[in-house]
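# Chains, contacts and geometry: an overview
One-letter residues, chain by chain:
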Amino acid sequence: MRPVRTAARSMLAAIFVIQGWAALRAPAKLADKARPVTDRLEPALKAVHPSLPTDAETLVRVNGAAQVAGGILLATGRATTPAALVLAGSLVPTTLAGHAFWEAEDPVQRNQQRINFLKNLGLVGGLIFAALDNEGRPSIAWRARNTAERARREAGYTAKTARREARHAIHTAQREARHVVNATQRDARIARLARKLP
C-alpha cells in the first residue's frame, strides 16, 4: 500500500509545489487578485504583531512558500499531517482571492470560477484525508486508550500479585510462629522432665 500512498500524496502535492513556486518567483502577477483578501487580513495581522508584512506581494510570496514547503513535505511523506493542514490553510485565501464566483457578472466567467472554486474545495477534502491518513497505524486516540487499558490491567495484576504475596507472607509467618511455639513448648516439657529427674 505504501507505493499507492506515495503516488497519491505526490499527485496531490504537485499542484501546490508548481503554483507555489510560480507565486514565489512572480508575486506581482497575483498581487492584484489577492489584494481584496490581503486588505481584509491587514488588521488581523497588525493585531498579531505590528511588524508583520501586510502588502499583497509579500503575502502572496509567503503563501507560495507555504505551498512549496507543504507540497514537498507531503510528497516526500515527511510530517504529512502538518503539511496537509498547512496546504489546506493556504488554499483558503487562494480560493477566495482567485475564484470568487459570486462576484462574477458574466455567466460563463461565473461558471468557470465556480468550477475552480469547487476544484479547490475538492483539494481541501483530499488534504483532510491526507492529514488524517495514519498509514495503517492506530490513531493517537486508540493508542491512548490502549495504553490506559494496559496500565489498568498492569495495575490490577500488580495488586493481585501484592495480595498473593501478602497472603503467602502471612501464611509463612503463621507457620514460623507455630514452629516457634511448638519448639518453646517442647523445650518447656523437656525442662520440666529434667527437673523431675534425680
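Please refer to the structure placed before this passage.
The sections below set out a description of the structure shown in this document. As the structure is a computational prediction, the values presented were derived from the model and not from experiment.

Along the chain, the regular secondary structure elements total 6 helices and 0 strands. Listing the helices and strands of the chain from first to last along the sequence gives α-α-α-α-α-α. Taken against the 2.2 N^0.38 rule, which gives 16 Å for 198 residues, the C-alpha radius of gyration of the chain at 37 Å runs more than 25% over that of a compact globule. Overall, the chain is about 135 × 45 × 30 Å in size when its C-alpha atoms are taken along their principal axes. A burial count over the chain gives 23% of its 198 residues as buried. Partitioning the intrachain contacts of the chain with sequence separation of at least 6 by distance along the chain shows that 66% fall at a separation of at least 24. A total accessible area of about 13800 Å² is found for the chain, and carbon and sulfur atoms account for 64% of it. When the 31 positive and 15 negative side-chain charges of the chain are each reduced to one mean point, those points stand 18 Å apart.

Let us look at a nonpolar patch on the surface. Taken together, Val92, Leu96 and Trp102 make up a surface patch of nonpolar side chains, about 280 Å² in accessible area. Mapped onto the fold, leucine 96 is located in helix 4 (residues 80-98). The exposure class of leucine 96 is partly exposed, given its relative accessible area of 37%.

For the pair helix 2 (residues 28-48) and helix 3 (residues 56-76), interaxial distance at closest approach is 7 Å and the crossing angle is 95 degrees. With respect to each other, helix 2 and helix 3 are oriented roughly perpendicular. On helix 3, the residues that touch Ala28, Leu30, Ala31, Ala34, Arg35, Thr38 and Leu45 of helix 2 are Ala56, Glu57, Leu59 and Val60. Residues that form the contact of helix 2 with helix 3 fall into these classes: 8 nonpolar, 1 polar and 2 charged.

Here we take up the packing of aromatic side chains. Within the structure shown, the criterion is met by 3 aromatic pairs. Centroid distance phenylalanine 101 to phenylalanine 117: 5.3 Å. Interplanar angle 70 degrees. Geometry classified as edge-to-face. Note that phenylalanine 101 is positioned in the loop between helix 4 and helix 5 (107-132) and phenylalanine 117 in helix 5, a separation of 16 residues in sequence. Here the aromatic cluster, defined as three or more aromatic residues joined through ring pairs, consists of Phe101, Trp102 and Phe117.

What follows concerns the layout of surface pockets. By volume, the largest pocket is sized at about 750 Å³. Lining the largest pocket we find 31 residues, and of these Asn63, Gln67, Ser90, Pro93 and Thr94 sit closest to its centre. Of all the secondary-structure elements, those providing two or more residues to the lining of the largest pocket are helix 1 (2-25), helix 2, helix 3, helix 4 and helix 5.

Here the focus is the nonpolar core. One recurring pattern in soluble globular proteins is that nonpolar side chains are buried together. In this structure, Leu12, Phe16, Leu74, Ala84 and Leu127 are the most contacted members of the largest nonpolar core, which totals 13 residues. Beyond its immediate sequence surroundings of up to four residues, leucine 74 is in contact with Arg9, Leu12, Ala13, Thr80, Ala83, Ala84, Leu87, Leu127 and Ala130.

Here the focus is unusual backbone geometry. A positive phi is found at alanine 79, a non-glycine position, where the angle reads about 50 degrees. Its location among the elements puts alanine 79 in the loop between helix 3 and helix 4. Judged by relative accessible area, which is 43%, alanine 79 ranks as partly exposed.

Right, let's get into the environment of arginine 2. Here arginine 2 is to be found in helix 1. For arginine 2, a relative accessible area of 52% puts it in the exposed group.

Next up on the list: the pattern of salt bridges. Side chains that differ in charge, positive against negative, can pair when their charged atoms come close. A complete count under the given rule lists 3 salt bridges for this structure. With a shortest N-O distance of 2.8 Å, aspartate 32 and arginine 35 are connected by a salt bridge. Residue aspartate 32 and its partner arginine 35 are both found in helix 2; the two are separated by 3 residues, about one turn of the helix. By relative accessible area, arginine 35 is classed as partly exposed at 34%. The partner of glutamate 149 in a salt bridge is arginine 153, and the shortest N-O contact between them spans 3.7 Å. One end of the pair is glutamate 149 and the other is arginine 153, both in helix 6 (residues 140-196) and 4 residues apart, which spans about a single turn. Overall, the relative accessible area of 29% leaves glutamate 149 in the partly exposed class.

So, how was this worked out
Residues numbered from 1 in each chain as written. Predicted model: local features only at pLDDT ≥ 70, side-chain atom pairs only at ≥ 80, totals over all residues. Heavy atoms only, no water. Helix = DSSP H or I, 4+ residues; strand = E, 2+ residues; numbered from the N terminus. Rg over C-alpha atoms; globule rule 2.2 N^0.38 Å. Buried < 20%, exposed > 50% of the residue type's maximum accessible area, 1.4 Å probe, protein only. Contact = heavy atoms within 4.5 Å. Areas by Shrake-Rupley, 256 points an atom, 1.4 Å probe, with all protein chains shown as cover. Lys, Arg positive; Asp, Glu negative; His and termini not counted. Charge placed at Lys NZ, Arg CZ, Asp CG, Glu CD. Patch = residues over 30% accessible without salt bridge, like charges linked within 9 Å, V, L, I, M, F, W, Y side chains within 5 Å. Salt bridge = Lys/Arg side-chain N within 4 Å of Asp/Glu carboxyl O. Axes fitted to C-alpha atoms, helices over the stretch in contact; angles between N-to-C directions. Parallel < 35°, antiparallel > 145°, perpendicular 65-115°, else oblique. Nonpolar A, V, L, I, M, F, W, Y, C, P; charged D, E, K, R; others polar. Phe/Tyr/Trp six-rings, centres within 6.5 Å; stacked < 30°, edge-to-face > 60°. 1 Å grid on protein atoms, 1.4 Å probe; cavity = no way out; pocket = protein on both sides within 12 Å on 5 of 7 lines; lining within 4 Å. Points joined across faces, edges and corners; volume = space filled by probe spheres on them. Core = buried A, V, L, I, M, F, W, Y, C linked by side-chain atoms within 4.5 Å.

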